[in-house]
Structures are given as structure tokens and as C-alpha cells.
Amino acid sequence: MGRTPPHPDPSQFDLQRVLEALVDPVRRSIVTQLDASGEDVACGGFDLPVSKSTATHHFTVLREAGLIRQYYVGTSRMNALRRAELDDVFPGLLDALVRAGRAVPDEART
């Protein structure tokens, strides 16, 4: 396992923690970008309006809440949306988030 950071088991998913992770617009953007890509994305592959260190914090919050899974490919830390697991535990949550993200005009997004 080595460099792979710890991830919560779906049985440990907590709705309060997931919602607190999603309250931040940068973290919602990460989740919606992952969903739209349809594939895993390296940390540097996101369009984020924050510094690298702040982005690292946001990725950690998402991982600890169970929204994403992180792993390494070479020196790149990859991010995968845990959609199937989240849909099993919180049906419709990610669909509602993605729908809401599409409804917001670009200039209103942070």
C-alpha cells in the first residue's frame, strides 16, 4: 500500500461529514470536474482558483469524507470519484450536486 493515503470504508460514510465537505465551492468544483471527466484526474489536472497547498487541503477533506479515492501513478497523485459507493450509501446525492452545478452560471462560480 505504501504511499496510498487511508480512505474510509463506505460503512463509515457520514452524511454530515460529506455535506460539510461539499459546502465549499472549490470542493464541489473538484467533484463536478471529476464526474464530468469520466476518468481519474491528477491533482494538477483540475481548473482551481486556489494555490497548490490550498488545493491539497481540499483534496484531503474530500478523501477523508469518502468522496474521492486517491492513489499514485508514478509521481502523480490521482483522484477518483467514489460515485458507485456514494450512490449506494446516499442515493441521488451526487446527481443532485452535478445538476445544481450545471444550473449555476459560470460567472457566479467560485
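Look a little higher up for the structure.
Residues numbered from 1 in each chain as written. Predicted model: local features only at pLDDT ≥ 70, side-chain atom pairs only at ≥ 80, totals over all residues. Heavy atoms only, no water.

Student: How should I be thinking about the sheet that holds strand E3 (residues 76–81) in this particular structure?
Tutor: Sheet strands line up and pair through hydrogen bonds in the backbone, either parallel or antiparallel. One open sheet accounts for three strands, arranged E1-E3-E2; its pairing is antiparallel. Single-partner strands in this sheet number two, and they are strand E1 (41–42) and strand E2 (68–73). Sheet topology note: the E2/E3 ladder contains six bridges and is antiparallel. Each bridged residue has a counterpart across the sheet, and for arginine 69 the counterpart in E3 is alanine 80. Across the sheet, helix H2 (residues 25–37) is in contact with E1, E2 and E3; its angle to E3 comes to roughly 85°. Sheet contacts for helix H3 (residues 52–65): E2 and E3; angle to E2, the most-contacted strand, approximately 120°. (Pairing = 2+ DSSP bridges. Helix = DSSP H or I, 4+ residues; strand = E, 2+ residues; numbered from the N terminus. Contact = heavy atoms within 4.5 Å. Axes fitted to C-alpha atoms, helices over the stretch in contact; angles between N-to-C directions.)

Student: How do you make sense of the packing of aromatic side chains when you look at a structure like this?
Tutor: Each aromatic ring pair is characterised by the separation of its centres together with the angle its planes make. Enumeration according to the criterion identifies one aromatic pair in this entry. Here arginine 3 stacks its cationic end above the ring of tyrosine 72, 3.8 Å away from the centre of that ring. (Phe/Tyr/Trp six-rings, centres within 6.5 Å; stacked < 30°, edge-to-face > 60°. Lys NZ or Arg CZ within 6 Å of the ring centre and 35° of its normal.)

Student: Looking at this structure, I do not really get the environment of aspartate 88. What am I missing?
Tutor: Turning to its location among the elements, aspartate 88 is positioned in helix H4 (residues 83–89). Between the C-alpha atoms of aspartate 88 and proline 10, which are 78 residues apart in sequence, the distance is 8.7 Å.

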